[in-house]
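Architecture and fold: a report
Residues per chain are reported as follows:
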Amino acid sequence: MSKEQFDRNGYLNMELLRFTTAGSVDDGKSTLIGRLLYDSKSIFQDQYEAIERASQQKGEEQVNLALLTDGLRAEREQGITIDVAYRYFSTPKRKFIIADTPGHIQYTRNMVTGASTANLAIILVDARKGIIEQTHRHSFIASLLQIPHIVVCINKMDLVDWDQATYERIRNEYKAFASKLNVKDVHFIPISALKGDNVVTRSEKMPWYDGPTLLYLLETIHIGSDQNHIDCRFPVQSVIRPQKTEFHDYRGFAGRVAGGVFKKGDKVMALPSGFTSTIKSIDTFDGEVEEAFAPMSVTITLEDEIDISRGDMIVRENNVPSMGQDIDMMICWMNEVKLRPNGKYIIKHTTRECRCIVKDVKYKININTLHRNEEDKEIGLNDIGRISVRTTLPLFYDSYTRNRITGSVILVDEGTNETVAAGMII
Amino acid sequence: MDYNLTHLKELEAESIFLLREVAAQFENPVLLFSGGKDSIVCLHLARKAFYPANVPFPLLHVDTGHNFPEAIEYRDDLVKKYNLRLVVASVQEAIDQGLVKEEKGYNASRNALQTVPLLEAIEKNKFDAAIGGARRDEEKARAKERFFSHRDEFGQWDPKNQRPELWNLFNGRKNIGEHFRVFPISNWTEMDVWQYIYQEGIELPSLYFSHKRNVFKRDGQWLAECDYIPRKPNEAVEERIVRFRTVGDMTCTGAVESEASTLEEIIQEVASSRTTERGTRADDKRSEAAMEDRKKQGYF
């Protein structure tokens, strides 16, 4: 943000964009993030001085912007990023949250984690190398996690003489590959993260490119339709019963809207009971609101006294989610201990938690070739596959492609309490 | 029709969701309250999350004994006003009991000593989730912190063994004796916090606003004159117009020269300031990995 032109009211009206960056060790991902932070003037003087010192100690000629995103000591020692780190910057238009994830094969788990909350993915391609296996992997994960927007940055254009033909060859190759994936909105930008071309400021070296710079795209891309505003879903987190005389009979259902738009007076149905009622009020600390939509946190009160508790879901009568105990899903395995065939796990879905048994592993996906292997059913760390589970309680779900909140689950190992898998319901 | 929230509303909704998850998933949560603006915002969010019911957990203040009197006064007013329960963990008591040893020398601080009484209080009161106001933008080691951060039975944090966090599914399962630290404002920046305080009209301790104070300079940093910090012979006390960007232990919280006496002026100052707020914290400057080391042992 240009500090001189800081505008308070502008700040209060900003939107939030969450994006993830996928890239391999050498394709300049850290440099790109450092460049975005530096050129958008999000770096403080003491931070800059720290990396200036560190760059000098390492005998580097320029200040290494990549050092800005270096995290824990283990990484500093090994020179690699080992986990998801979150970064923040803002411009007068938007606030950005970056989920910075490493790209090498053993860290599929981290990419999936970063991708799960992202509106947009930046996929970096080294202009000298073109589309490589890792590009396929990153794109597949972006499509599996249904990140609404993808920006392919063809980086290191300075090392290919800013050549338009190279850029177009890579773009066409990517488009051909992406046609096999379920991705909707793909953009291409030729950049040099090191020199800053087309990151924040427009490149003078590539007059043949007439699209937006990366930052301009991040600031303006339409994210208003990224949430589901059609299917009304309200997973109940808890029941609010104040022990106060002034709210003696108050019974509110607290939760965060997972889809659709709820309005006062709407006829609604509670699941699993199936009882119907009408929304009496949608309450917040700041007073009643007329309507609530994702991702608002509100408290709903109903006209009738019906039994609702944590893990239940309030929906519209004429638009109910799927309900059942036999569920098919794609999973990404996140633990060193492999999936146990017929193993029992805790499954967490919205605010509901129960147990499940893995009935079947249908196939494992080779994430580089997208080949489905029905012979090899061993699912270990960083593997992606399709499984069927049976749950002890019915879940109220939508397919993940329809709703990323009501379509997602995690599996937890009962023995270690560790989160072992991320699941996307089919 | 477009349904969009402003970024502050979206952050607020996320934090409220998290606070409600804490109340639902844990038996005995506690809110770590320092009197600093981040914990004040957390408390405000908790009041919103459970309204019209009261905040369903107590506050825990780790008292170094070296507090700014203004911060303690503010804390006590707040507890009374919102009918809260306050638990105090005392560093002085831990020293008296021989659990920790007071640091010596000019830069002696009780800041690092807070870990032991904090963990003692968590153990003694059987708190299973301690909610804190840490933000990921504050410091490198915090950039990777989870919302639900698992601590082993010794209260330790293992950066290499963190549970993955996906979507809005938070795994608070643990064994007996273990606990969680929960950070509902992880995704907020310093500017977000100030803007939110302004938008919501949240009252703050007077320390945050510019005032006259006797201070002295050490290593380029203004420190408040007080009985807890021995001065070197060349450290002369001067009266300056200052304010504090963070409120912690008196011995390690630096003042900045500032005329900003209203929230609007502070926001302007934060927007144009050129050092991070932790740049005024001596405890982080001890080594490059100072925060990471303290966190592993169970610091906030």
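Residues numbered from 1 in each chain as written. Chains lettered and ligands numbered in written order. Predicted model: local features only at pLDDT ≥ 70, side-chain atom pairs only at ≥ 80, totals over all residues.

Here the focus is the sheet that holds strand β1 (residues 15–22) of chain A. All names here are of chain A. As summarised here, the arrangement of the six strands in space is β2-β3-β1-β4-β5-β6, forming an open sheet in which the pairing is mixed. Of all the strands in the sheet, just β2 (85–90) and β6 (185–190) have a single pairing partner and so form its edges. Mean inter-strand twist for the sheet, computed between neighbouring axes without regard to direction, equals 25°. Bridge count for strand β5 (residues 149–155) against β6 is six bridges, and the pairing is parallel. Bridging from a neighbouring strand, valine 151 pairs with histidine 187 of β6. Together, β1, β2, β3 (94–100), β4 (120–126) and β5 form the strand contacts of helix α2 (residues 29–39), whose direction differs from that of β2 by roughly 30°. (Pairing = 2+ DSSP bridges. Helix = DSSP H or I, 4+ residues; strand = E, 2+ residues; numbered from the N terminus. Axes fitted to C-alpha atoms, helices over the stretch in contact; angles between N-to-C directions. Contact = placed C-beta atoms within 7 Å.)

Let us now look at the domain arrangement of chain B. Size of an interface, as often reported, equals the accessible area lost when the parts are brought together. Residues and elements named next belong to chain B. Split into domains, chain B comes out as domain 1 (7–193 + 289–297) and domain 2 (205–282). Summarising the inter-unit geometry, the C-alpha centres of domain 1 and domain 2 are found 24 Å apart. Facing 21 residues of domain 1, the contacting portion of domain 2 comprises 19 residues. Those elements giving two or more residues to the side of domain 1 that touches domain 2 turn out to be α3 (69–81) and α6 (190–200). (Domains from an automatic or database assignment.)

Take the sheet that holds strand β4 (residues 129–131) of chain B next. Residues and elements named next belong to chain B. If you walk across this open sheet you meet the six strands as β3-β2-β1-β4-β6-β5, and the pairing is mixed. Because the sheet does not close on itself, it has two edges, and the strands there are β3 (86–90) and β5 (148–151). On average, adjacent strands in this sheet sit at an angle of 30° to one another, irrespective of strand direction. Relative to β3, strand β2 (residues 59–63) runs parallel, the two being bridged by five bridges. Opposite leucine 60, over in β3, you have valine 87 as the bridge partner.

Right, let's get into the environment of valine 193 of chain B. Residues and elements named next belong to chain B. Counting through the fold element by element, valine 193 comes out in helix α6. It is 7.1 Å that separates the C-alpha atoms of valine 193 and aspartate 38, two residues lying 155 residues apart in sequence. Residues contacting valine 193, with those up to four places away along its chain left out, are Lys37, Asp38, Val41 and Trp188.

It is worth spelling out the interface of chain A and chain B at this point. Taken together, the contact pairs 57 residues of chain A with 54 residues of chain B. At four residues, the largest contribution of residues to the side of chain A that touches chain B is made by β2 of chain A. The residue inventory of the side of chain A that touches chain B, partitioned by class, reads 27 nonpolar, 15 polar and 15 charged. (Nonpolar A, V, L, I, M, F, W, Y, C, P; charged D, E, K, R; others polar.)

Time to look at the pairing of strand β18 (residues 352–365) of chain A. Side chains on a regular strand alternate between the two faces of the sheet. Residues and elements named next belong to chain A. Sheet analysis places strand β17 (residues 344–349) next to β18, joined by six bridges and oriented antiparallel. Among the inter-strand pairings, tyrosine 345 is bridged to a residue of β18, identified as cysteine 356. The hairpin turn running from β17 into β18, its antiparallel successor, is two residues long, and threonine 350 in that turn takes a positive phi close to 45°. One ladder, built from eight bridges, connects β18 with strand β20 (residues 384–397); its direction is antiparallel. Residue lysine 364 lies in a different strand from β20, and its bridge partner there is glycine 385.

Quick look at α2 of chain A now. Residues and elements named next belong to chain A. Judged by how many residues are buried, α2 sits mostly within the fold: 10 of 11 residues are covered. Listing the buried residues of α2 in full gives Lys29, Ser30, Thr31, Leu32, Ile33, Gly34, Arg35, Leu36, Leu37 and Tyr38. Contacts from the buried residues of α2 go to β1, β2, β3, β4, β5 and α8 (214–220). Looking one or two places after α2, you find lysine 41, whose phi comes out positive at around 60°. (Buried ≥ 20, exposed ≤ 12 C-beta atoms within 10 Å, placed from the backbone.)

The next thing to look at is the confidence of the model for chain A. Per-residue confidence for chain A gives a mean pLDDT of 89; residues scoring 70 or more make up 92%. Within the model, the stretch residues 1–6 of chain A combines pLDDT values under 50 with 13 contacts to residues more than four positions away or in other chains. (pLDDT = per-residue confidence, 0-100.)

Attention now moves to the pairing of strand β1 (residues 29–32) of chain B. Residues and elements named next belong to chain B. Here β1 shows a buried face lined by Pro29 and Leu31 and a second buried face lined by Val30 and Leu32. In terms of strand pairing, β1 meets β4 through three bridges, oriented parallel. The residue of β4 that forms the bridge with valine 30 is alanine 130. Two strands pair when backbone bridges link them, and β1 and β2 are joined in this way by two bridges, in the parallel orientation. In the strand pairing of β2, leucine 31 is matched with leucine 59.

Here the focus is unusual backbone geometry. Of all residues except glycine, most have a negative phi; of all peptide bonds, most are trans. Omega for the peptide link from leucine 271 of chain A to proline 272 of chain A comes to 10°, which places this bond in the cis form. Position of proline 272 of chain A among the secondary structure elements: in the loop between β10 (267–271) and β11 (276–284). For the peptide bond that leads from alanine 294 of chain A to proline 295 of chain A, omega is 0°, which places it in the cis range. Among the secondary structure elements, proline 295 of chain A is positioned in the loop between β13 (291–293) and β14 (297–302). Although it is not a glycine, lysine 156 of chain A sits at a positive phi angle of roughly 65°. Here lysine 156 of chain A shows up in the loop between β5 and α7 (164–178). For lysine 156 of chain A, a count of 23 C-beta atoms within 10 Å gives the class buried. Phi at lysine 126 of chain B is positive, roughly 55°, even though this residue is not glycine.

Residue and element names in this part refer to chain A. Between helix α5 (residues 108–116) and helix α6 (residues 133–144), the shortest axis-to-axis distance is 10 Å and the interhelical angle comes to 40°. It follows from the interaxial angle that α5 and α6 lie oblique. As α5 runs across α6, the sense of the crossing is right-handed. Residues Thr108, Met111, Val112 and Ala115 of α5 form the contact with α6, whose participating residues are His138, Ile141 and Ala142. Of the residues belonging to the contact of α5 with α6, the class tally is five nonpolar, two polar and no charged. (Parallel < 35°, antiparallel > 145°, perpendicular 65-115°, else oblique. Left-handed = near helix turned anticlockwise from the far one by under 90°.)

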